[in-house]
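Listed below, chain by chain, are the residues.
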Amino acid sequence: MDSLFPSDDHFIRKLFEKVKEVCPNVHEKIRAIYADLNQNDFAISKEDMQELLSCTDIIFHCAATVRFDDPLRHAVQLNVTATQQLLLMASQMPKLEAFIHISTAFSNCNLKHIDEVIYPCPVEPKQLIDSMEWLDDAIIDEITPKLIGDRPNTYTYTKALGEMVVHQESGNLNIAIIRPSIVGATWQEPFPGWVDNLNGPNGLIIAAGKGFLRSIRAAPKAVADVIPVDTVVNLMLAVGWYTAVHRPKSTLIYHCISGNLNPCNWGKMGIQLLATFEKVPFERAFRRPNADFTTNAITNQYWNAVSHRAPAIIYDFYLRLTGRKPRMTKLMNRLLRTVSMLEYFVNRSWEWSTYNTEMLMAELSPEDQRVFNFDVRQLNWLEYIENYVLGVKKYLLKEDMAGVPEAKQHLRRLRNIHYLFNTALFLIAWRLLIARSQIARNVWFFIVSFCYKFLSYFRASSTLKV
Ligand SMILES: CCCCCCCCCCCCCCCC(=O)SCCNC(=O)CCNC(=O)[C@H](O)C(C)(C)COP(=O)(O)OP(=O)(O)OC[C@H]1O[C@@H](n2cnc3c(N)ncnc32)[C@H](O)[C@@H]1OP(=O)(O)O
Ligand SMILES: NC(=O)C1=CN([C@@H]2O[C@H](COP(=O)(O)OP(=O)(O)OC[C@H]3O[C@@H](n4cnc5c(N)ncnc54)[C@H](OP(=O)(O)O)[C@@H]3O)[C@@H](O)[C@H]2O)C=CC1
């Protein structure tokens, strides 16, 4: 129980301050129990299971693997088989009022327009679950690309199968599915900018702010469908209420997205990120932050070589020279691998319909609309992105605002090194060119004599005036 509100972490304490203010005995209302989705009956103890079965009145099923590169067997186990088992458990809960399943807006990312419906899967989830029992890992790895088809990874594929399982095995349960898009830092609750993992944009914001990631293959005009995590939580609570109280006849699906109500694109996001990095830089940046977007694969390869790999190699060379262990090339390769996995999502736009989400908003009283606010039309992106960066700095990097002047000074030093390096590089290249090419020599002679004549004329005319 205490582990839910640990007192040793200052930031976690701050996160729960508001709820403790409103409800001082909140810790008495929450009990954490151990569960592992990889195990039979989730390895829940007998006593806990009994209590769960007899007392549960609402389930929010969020647990999942969100890794894009998970082997299919593991992703199926966590996102499909475990969902099936949880539904079975839920069917034995006499008091259960609602089962809220958290999926992702990208479960059907192979489509451009996505409605609030469950789309058929190319494979029957039950057949896939069965085949995982007897297929060995090597064969599963081999058939994975064929199975996932035009989806980019095992995550989106297994989340789609998870939805199908929910649809097929809902029985008499009162079910709803929520599909959030890219979950970002908090917008308002309990305070702006809270963030606690490296998923989605978070890791890339660190990489960009620290100057490791300076360009990305992304369409600047593509919609950056980021949705604040508190909006998702508010919608979950409202859906829980509506599903339990109104008991809709069919399973309702709610898209929790920002794009069709208040769109922001990656270009605008990049500009605002850079503006905030300028104001509140991250400490000890590797290079000055930059955010170039290109949609061209060859240009991207070029920038990866020039802007990412070359500086890493040079830095490693410097580390070697100073007797330290080189590490930047390895780090850069991992970062570029991560970026390549996220690229699919920053080069496309999707349209999600939001009839059910809008219907639910209209069903809430004005007071509930305020308390459980999930209306992203009120979101000011510039303010949100600024708070997001501040949150990443504070809660993920654990950097203090007192370090900002030093961080700015460091960026100025990096800028001077950058200018010095580029000038030296230009002079060396030019010197080599002059040594090898008559045309270059003629151009050089022309420039030098032109400058000389210009200076002589300038000096002569200023002497005349005196
Ligand atoms: C110019 C800039 C503009 C900004 C522009 C933003 C665009 C942003 C688009 C997002 C679009 C998502 C859209 C999906 C929306 C869903 O539906 S939700 C699901 C979200 N899921 C995720 O985001 C999970 C993605 N992550 C992964 O799958 C795995 O972490 C990876 C990427 C395969 C890396 O795996 P790995 O190499 O085995 O290791 P892992 O332990 O996970 O992490 C390795 C290193 O990468 C770092 N790392 C992990 N994740 C990230 C990350 N996202 N970024 C950077 N570093 C990361 C770790 O810190 C670690 O560093 P080291 O400690 O080694 O130094
Ligand atoms: N992040 C995003 O952008 C989006 C996320 N989603 C969905 O939201 C949900 C939460 O994702 P998010 O918070 O981002 O990801 P996290 O990885 O932070 O959360 C996943 C949760 O699943 C639990 N979990 C993972 N493996 C097991 C296991 N074997 N047994 C028991 N519990 C397990 C984790 O528990 P523990 O903390 O103990 O490891 C954690 O609470 C997921 O269903 C995801 O698909 C949907 C759209 C976008």
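Along every chain, residues carry numbers that run from 1 in the direction the sequence is written. Chain A is the first chain written and ligand 1 is the first ligand written, with later ones labelled in order. In keeping with the predicted nature of the model, local features appear solely for residues at pLDDT of at least 70, side-chain atom pairs appear and are counted solely at 80 or more, and the whole-chain, interface and lining totals rest on all residues. As a rule here, side-chain values cover all heavy atoms of the structure and leave hydrogens and water aside.

1. Here we look at the pairing of strand β1 (residues 58-61)
Covered by surrounding structure in β1 are Ile59 and His61 only, the residues Ile58 and Phe60 on the alternate face being uncovered. One ladder, built from four bridges, connects β1 with strand β2 (residues 98-102); its direction is parallel. Along β2, the bridge assignment pairs Phe60 with Ile100. Regarding topology, helix α4 (residues 72-90) serves as the crossover connection from β1 to the parallel β2, and that connection is right-handed. When a residue's accessible area, from a 1.4 Å probe over protein chains only, is under 20% of the maximum for its type it is buried; when over 50% it is exposed; and in between it is partly exposed. Per the convention used, a helix needs a DSSP run of H or I reaching at least four residues, while a strand needs a run of E reaching at least two, with both numbered from the N terminus. Pairing between strands is defined by DSSP: at least two bridges between the two strands are required. Handedness is read with the strands pointing away from the viewer; a crossover is right-handed when the path from the first strand over the helix to the second is clockwise.

2. Details of the UniProt feature "transmembrane region" (unreviewed entry) in the protein chain
Per the UniProt entry, the sites bearing "transmembrane region" (unreviewed entry) are residues 417-434 and 443-460 in this numbering. From the first C-alpha to the last, residues 417-434 spans 25 Å; its make-up is 100% helix and 0% strand. Segment residues 443-460 splits into 100% helix and 0% strand. End C-alpha atoms: 26 Å apart. UniProt positions are given in the numbering used here, feature names are shortened, and annotations may be inferred rather than shown by experiment.

3. Concerning the site of ligand 1
For this description, a residue counts as near a given molecule or strand if any of its non-hydrogen atoms is within 4 Å of it. For ligand 1, the set of nearby residues contains 25 residues, the closest of which are Arg67, Phe68, Thr104, Leu198 and Gly200. N or O atoms within 3.5 Å of each other form a polar contact, as long as, within protein, one can give a hydrogen and the other can take it, and as long as residues adjacent in sequence are counted only when both atoms are side-chain atoms. The separation between a nitrogen atom of ligand 1 and a polar main-chain atom of Leu198 is 3.0 Å. A distance of 2.7 Å separates an oxygen atom of ligand 1 from a polar atom in the backbone of Gly200. Each accessible area is a Shrake-Rupley estimate made with a 1.4 Å probe; only the visible protein chains count as cover when residues are assessed. Taken by itself ligand 1 offers 1,300 Å² of open surface, and the protein chains cover 80% of this. Those elements giving two or more residues to the shell around ligand 1 turn out to be α8 (201-209) and α12 (328-346).

4. A look at the sheet that holds β1
With parallel pairing, four strands are arranged side by side in an open sheet as β1-β2-β4-β8. For this open sheet the edge positions go to β1 and β8 (252-256), each flanked by a neighbour on one side alone. Taken over all neighbouring pairs, the strand axes of this sheet differ in orientation by 15° on average, direction set aside. As paired elements, β2 and strand β4 (residues 175-180) share four bridges and run parallel to each other. Within β4, the position partnered with His101 by the bridge is Ile177. Axis lines are fitted to C-alpha atoms, over the contacting stretch for helices. Their N-to-C directions set the angle, which ranges from 0 to 180 degrees.

5. A word on the UniProt feature "domain: Thioester reductase (TE)" (unreviewed entry) in the protein chain
Per the UniProt record, "domain: Thioester reductase (TE)" (unreviewed entry) is annotated on residues 14-236. For residues 14-236, the end-to-end C-alpha separation is 23 Å, with 43% helix and 12% strand making up the annotated structure.

6. Points about the site of ligand 2
Around ligand 2 sit 20 residues, and of these Leu37, Cys62, Tyr155, Lys159 and Ser181 come closest. Between ligand 2 and Val183, the relevant distance is 2.9 Å, taken from an oxygen atom to a main-chain nitrogen or oxygen of the residue. For ligand 2, the protein covers 59% of the area, taking 880 Å² as the surface of the free molecule. Elements represented by at least two residues in the shell around ligand 2 include exactly α7 (154-168) and β5 (182-184). Of the residues assigned to the shell around ligand 2, the class counts are twelve nonpolar, six polar and two charged. Under the grouping applied here, Gly and all other residues not named as nonpolar or charged are polar, the nonpolar ones being Ala, Val, Leu, Ile, Met, Phe, Trp, Tyr, Cys and Pro and the charged ones Asp, Glu, Lys and Arg.

7. Details of the pattern of salt bridges
By definition here, a salt bridge exists when the distance from a side-chain nitrogen of Lys or Arg to a carboxyl oxygen of Asp or Glu is within 4 Å. Under the definition given, this model contains 17 salt bridges. Note that Lys210 and Glu399 form a salt bridge whose closest N and O atoms lie 2.9 Å from each other. One end of the pair, Lys210, is in the loop between α8 and β6 (215-217); the other, Glu399, is in the loop between α15 (381-396) and α16 (404-436), with 189 residues separating them in the sequence. A single burial state applies to Lys210 and to Glu399, both of which are buried. One salt bridge in this structure joins Glu367 and Arg370, with 3.1 Å as the shortest N-O distance. Of this pair, Glu367 and Arg370 are both found in helix α14 (residues 366-371), three residues apart, which corresponds to roughly one turn of the helix. Given the relative accessible area of 45%, Glu367 is considered partly exposed. Look at the salt bridges and you will find they share partners, linking Arg31, Asp48 and Glu51 into a network.

8. Things to note about the packing of helix α9 (residues 229-246) against helix α13 (residues 355-363)
Running from amino to carboxyl end, α9 crosses α13 at an angle of 80°, the nearest separation of the two axes being 11 Å. Considering their axes alone, α9 and α13 lie roughly perpendicular with respect to each other. Here Leu235, Ala238, Val239, Trp241, Tyr242 and His246 of α9 come into contact with α13, specifically with Thr357, Met359, Leu360 and Glu363. Here the contact of α9 with α13 is built from residues that sort into seven nonpolar, two polar and one charged. What sets the label is the angle itself: under 35 degrees gives roughly parallel, over 145 gives roughly antiparallel, 65 to 115 gives roughly perpendicular, and the rest give oblique. By definition, residues are in contact when any of their heavy atoms lie within 4.5 Å.

9. Some remarks on the side chain of Thr56
Examined against the element boundaries, Thr56 turns out to sit in the loop between α3 (46-55) and β1. A polar atom in the side chain of Thr56 sits 2.4 Å from the backbone oxygen of Leu52.

10. Some points on unusual backbone geometry
A cis amide bond links Glu189 to the next residue, Pro190, at an omega of -10°. By the element assignment, Pro190 lies in the loop between β5 and α8. At Arg247, a position not held by glycine, the phi torsion is positive, near 40°. You can call Arg247 partly exposed: its relative accessible area is 43%. A positive phi angle is found at Arg284, which is not glycine, with a value near 50°.

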